[in-house]
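# What the coordinates show
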Amino acid sequence: MAPAIKRRKLKHDDAESDSETNLVEDHADGAFSTDGDGHDIDDVSMDDLDDANEDEASDEDSLEGDADDGKVESIAPATKPVKGAAPSRDGEKSKPHRQPDPQLQGGVYTAETFKSNFFKLQVDELLAQVKIKYGKKEAPAENAMRTLKAIIEQLPSREPELLVDAQKTLRASGVTIPFPNPPPPTDAKYKFQYERPASINATGSYPLKTATRTDGELSIDLVVTMPKAIFQDKDYLNNRYFYKRAFYLACLAAGIRNSKEHSFKLSFDSLNGNQLQPILVVRPSGNGDSDDFSNSKCCINILLAVSEGVFPNTKLLPRANCVRPKGEDMETESTALTPTPFYNSSLRSDATVTPYLKLLHSTAANCDAFKDACVLGRIWLKQRGFRSAIRGGGFGNFEWATLMALLMQPNRGAGAPPLSSGYSSYQMFKATLQFLALHDLSKKAFVFLARDIASPKNGLAPMLFDGPRGLNILFKMTPWSYGQLQLEAKITIETLGDGLFDQFDSTFILRTDLKRYRYDAILEVPLSALGLDLNREDVEERTEEACQKIYNVLTRALTDRVTAIDLSLPGRRSWSISGSRPNDNTHASLVVKIATDPANANRTVDHGPSAENKQEAAFFRKFWGDKSELRRFRDGSILETVVWSTKDPSSSVLEQIVLYILSKHIDVRIRDDASFTYDSCAHIVSSGRLQGQSGTSAFAPIMSAFAQVEKDIRELEDLPLSVRHIRAADAQLRYSSVDTRQTSPASIILQFEASARWPDDLCAIQRTKIAFLLKLSELLSAAHKIYKTEVGLENPSQPSQNQTFLDITVRSGTPTVRTFVFRLRIHHDREATLLERQLKDKTLDAQSRESAAVALALYNRDFLRVLSHTQTIQNLCTRYPALSPAVRLTKRWFDSHLLSPHIAPELIELLVVRTFLQPHPWPVPSCATTGFLRTLAWISRWDWRHSPLIVDFSSTASNTSAESGAAGNGRMKTEDVEKIQTRFEAWRRIDPAMNRVVLFAATNSDTDGNTWTDRGRPEKVVAARMTALAKAATQVVRTSEDVSATDSKSQFAAETLFVPQLQDFDFVVHMSPKYCKSSKKKRSEDIKFKNIEVQQAVDSAKNNPTQLARLFAEDLRSVYGDAILWFWDEETITSVAGLWNPGVTAQRTFKVKPEWNSVPVKGKAGEKKDEQGKGKEGTDVDIRVNKEAVYNEIKRLGGEMVSKIEVNR
């Protein structure tokens, strides 16, 4: 359920606030003049910027539009003449503003329109918060755009010059021409010329009003269209267009820099990281003059464009070649040469700036929800790390908006358009994601209004070809970035299909591109290890080729071991206009991120083709080299095979494959220089890494022993009653104990078949249980010599609770087989009836009824809920291989921070299970580390004061619909969630101070919500510390992500997340090393003989060396009650920390026999005054805790177990 938060009341009208009138609104209509063909020109003209409305409202913080005066700004063709705009054709009428759908006006939104009313409110608030207000804050940047326009228009023309002269002239002005690589030949015969631009316009998301607030600076694009006269017909060949483009940009930089009246900071950058398309970035000077727009927190990007028709479209199709080899005739048919799709699309993108602005503005005018859908798309892409930059995935805001605009257009032979102008913003957003998820454009191109367009054979980018504008809008994408985009779209569609839980945060709020949350293995390869000379002119092209080869090699080598492979390079940097373009840092690294399939990732044998298939076998041997060998298998087949070793636990199978295959096919230096990280936290716990196809293999011995015990007990013939079932009720038997070696007896529950011979009294039932266990002990020991049995007593002061148990030690005759101890208790369902009868008996005193209530709660927990919980966790650990190690790792984190005495292990298991059953916005975790880190991230966000933890055990990652389950199959429904929410709210009303229930955790099999958290377990201070520690850990992970993005040598140290902060406690009792267990010590080094190991196994299970320290900690908690809150590590107990409870131990009035050692002090009243105002000595005496005496008591109670007591405050 979504956290309960306060929300401002929002109006759902379509009116724009008059306070947002600005440069864009004043000229949105007038800028759309009509050209000779009758098409709307949709770029925003800069001619009328001085007419901007100066009467802007000053209230920029309002979330609601001022609809009282009835003024509505719409992006529609103008109905009145505007200065600088061509007159409209005769008889042409403006399109009326489209009325919103009637169902939206009523304030009721169906699931198809906006999923839910609450979801709609969340979307509205999100849009209101991220949209730019277009007010006084942006005014200085708009003034700077006007100034830049005026400067550029006044620049004088330059006569045509040869390359050497052009460079010399601009170098004298302090500007270096930003030529792409390779630079033009010095003996080039063509000339470079500057003429006044054909037009200067605002472009991009800012004038379209789809720009959003960002953490950094906002980029505003200003496009300068170069005149046709400076180009020749063949300039589209061999980079000549891009050379002349770079010269033109350098002329603009020189003109702006040399302006005497205005001052700006100028630098060059690459448009979307494309080195063929440099741009000029203008930032404020910061000197406070009239041109300073620092307060706008913006930068202005000056882009260059070329008019349509300068170069023929047919020459720039994806299958054409425009870069001829040296010495090749310029007139050679391009069809005989290798296609240059990226080069062609880069040039074509410069020629389609205005056509795409036409498309986007006309779509926004015809569809009310288009702009909001664009904003939602921007947010979704940003949270997933996608940008228009080549090294940012090649799919950003422009591509999203263009894709939506195209999907609203009819396409010949494709049926109805996927999107409709009547859709809501949510429907458009979801339909666009569905298109991305369902269409694999890397295999089958999507061609819009064009014929005979096919992807080139060497084409690497997916194909979404826009016929009317002649451009593949996905030309900047790579196979891996497109695969990631498609996967993210599929996950989001699944997320939005969840009918039980609100997934707004998962869709729009959570940042999902953090590699340690998303991927299981990370390989960092220094660029120097790829055999690249970073100083070569063609290093960009060679780097791309190396990345493509690495991707192809890994895809083939890893096959079904992985589900996703992503490659990323450091982003491009801007550079000074007087300097040369910088190359990649020599210390930079290529980061390869791998998501694994846990069922196959650790497979040790890969089967190749049969030896009879000569050609494929030879191909297989060539790829794998010396690793390939011919093997005969039991079925008689003889196959080429690759076998991987598991002898070295520090080197996983995945690491062996990756380093070997890249060293063989890319560069041998990779093996030594590359850094490979896989499941970085798994080593914290024993057997933390997946072994084979299962994450539970380490528990196989104890599970086998339990099965044997069950079988032998059922076979006993002389039992008074037949055994109904024997079920597991312990973390060790549900694959979730931190230590895979048994450290305490494993609880199991035995229930006999129903019988009328049981007594009808609680005390008599307990005595009968003792008799049953004595008989069972006798029969089992006599029937099987491998068992040693002992009957024990518990809860002697609570006659209504269970009184007895039977310890069964399974001894092995062979030293190689481990010994296990099981603690068996008898379950009799009549106890619940008798306890309920006592609760309803009003003749009993309050203490007896309270005792019955406690006993009934323990009965339900220990004999009903635990059994159901254990069986469920067993099944889930079998279904999800990474669940067991993730649970154990998370428990270790709680232990290391001394929280485990306060938080039930079942509650920790529920927290981790939620990560697997409700993994959105990520896929299901594939290793322990991703499951653990995502669990901590969710805990850090969990507002447990206002939201319950709800886990649907019946859900899966691929089936989360609330309507898909049939009645009676246990699947949670919406009504169940509502009931749980109602129960949670009732608890908060009954117990607003949260003294009884702090954390509320419910499942579809346990809707009570307080089974594991009742009676102040944990207390508020413990829950708050859990949240604080989770937030700190999450911040460490996020910081390491940011640092690794700038420093490839930085390494994430998983151990730092498990270091307890003992200085936060009031005092710490340090235990003697011989009474505690060190988690860092390798147990295998302590045991040299197998017979000693067997005896130690029995001792560790029943007489654990930490048991005495644990009993000491329990005694401290019992002695000091509520005065001190105690914390310790259940696994090692190296220290016991304490917090004084100020509400109990603070100075108070004198009391006989307080719960703690006290010392008398003068009363708080101090001196009292008599009637005449004269002072007299007060007679009141208060007491306060005597901390020194308490510390001495603890030392005396602990004896030699206590090494020292450290007092922090």
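Scoring rules and cut-offs
- Residues numbered from 1 in each chain as written.
- Predicted model: local features only at pLDDT ≥ 70, side-chain atom pairs only at ≥ 80, totals over all residues.
- Heavy atoms only, no water.
- UniProt positions renumbered as here; feature names shortened; annotations may be inferred.
- 1 Å grid on protein atoms, 1.4 Å probe; cavity = no way out; pocket = protein on both sides within 12 Å on 5 of 7 lines; lining within 4 Å.
- Points joined across faces, edges and corners; volume = space filled by probe spheres on them.
- Helix = DSSP H or I, 4+ residues; strand = E, 2+ residues; numbered from the N terminus.
- Nonpolar A, V, L, I, M, F, W, Y, C, P; charged D, E, K, R; others polar.
- Pairing = 2+ DSSP bridges.
- Axes fitted to C-alpha atoms, helices over the stretch in contact; angles between N-to-C directions.
- Core = buried A, V, L, I, M, F, W, Y, C linked by side-chain atoms within 4.5 Å.
- Buried < 20%, exposed > 50% of the residue type's maximum accessible area, 1.4 Å probe, protein only.
- Domains from an automatic or database assignment.
- Contact = heavy atoms within 4.5 Å.

The protein is annotated in an unreviewed UniProt entry as U3 small nucleolar RNA-associated protein 22 of Bimuria novae-zelandiae CBS 107.79. What the UniProt record of the protein gives under Subcellular location (unreviewed entry) is the line "Nucleus, Nucleolus". UniProt lists a comment for the protein under the heading Sequence similarities (unreviewed entry), and it reads "Belongs to the NRAP family."

### Examining empty space enclosed by the protein
For the coordinates displayed, the defined rule picks out four cavities of 30 Å³ or more. Lining of the second largest cavity is provided by Arg914, Thr915, Gln918, Pro919, His920, Trp922, Arg934, Trp938 and Arg941. Of all the elements in the fold, those that place two or more residues in the lining of the second largest cavity are α26 (905-917) and α27 (928-941). The element contributing the most residues to the lining of the second largest cavity is α27, with three residues. Within the lining of the second largest cavity, the residues separate by chemical class into three nonpolar, three polar and three charged.

### Overview of the sheet that holds strand β17 (residues 628-632)
Across the sheet, which stays open at both edges, the three strands sit in the order β16-β18-β17 with antiparallel pairing between neighbours. In the strand order of this sheet, the two ends are held by β16 (605-610) and β17, each with one partner. Taking each pair of neighbouring strands and ignoring which way they run, the sheet shows an average axis angle of 40°. Of the strand pairs in this sheet, β17 and strand β18 (residues 638-643) are connected by five bridges, and their pairing is antiparallel.

### Notes on the nonpolar core
By size, the foremost hydrophobic cluster in this structure holds 110 residues, and its most contacted members are Ile713, Phe822 and Leu824. Take this core: its biggest share by element is ten residues, from helix α24 (residues 846-879). Counting residues domain by domain, this core receives three or more from each of domain 4 (696-876) and domain 5 (1067-1165 + 1179-1207). In this view, phenylalanine 822 contacts Ile702, Ala705, Phe706, Val709, Leu733, Ala746, Ile748, Leu806, Asp807, Ile808 and Val810; residues no more than four positions away in its chain are not counted.

### Observations concerning unusual backbone geometry
In the segment running from asparagine 181 into proline 182, the intervening peptide bond is cis, with an omega of -5°. The residue proline 182 is located in the loop between α6 (163-172) and β3 (192-194) in this model. The amide bond that connects histidine 920 to the next residue, proline 921, takes the cis arrangement and shows omega of 15°. Residue placement: proline 921 occurs in the loop between α26 and α27. We note that leucine 449 has phi near 55°; this positive angle belongs to a residue other than glycine. Here leucine 449 is to be found in the loop between β9 (446-448) and β10 (464-466). Unusually for a residue other than glycine, aspartate 452 sits at a positive phi of about 55°.

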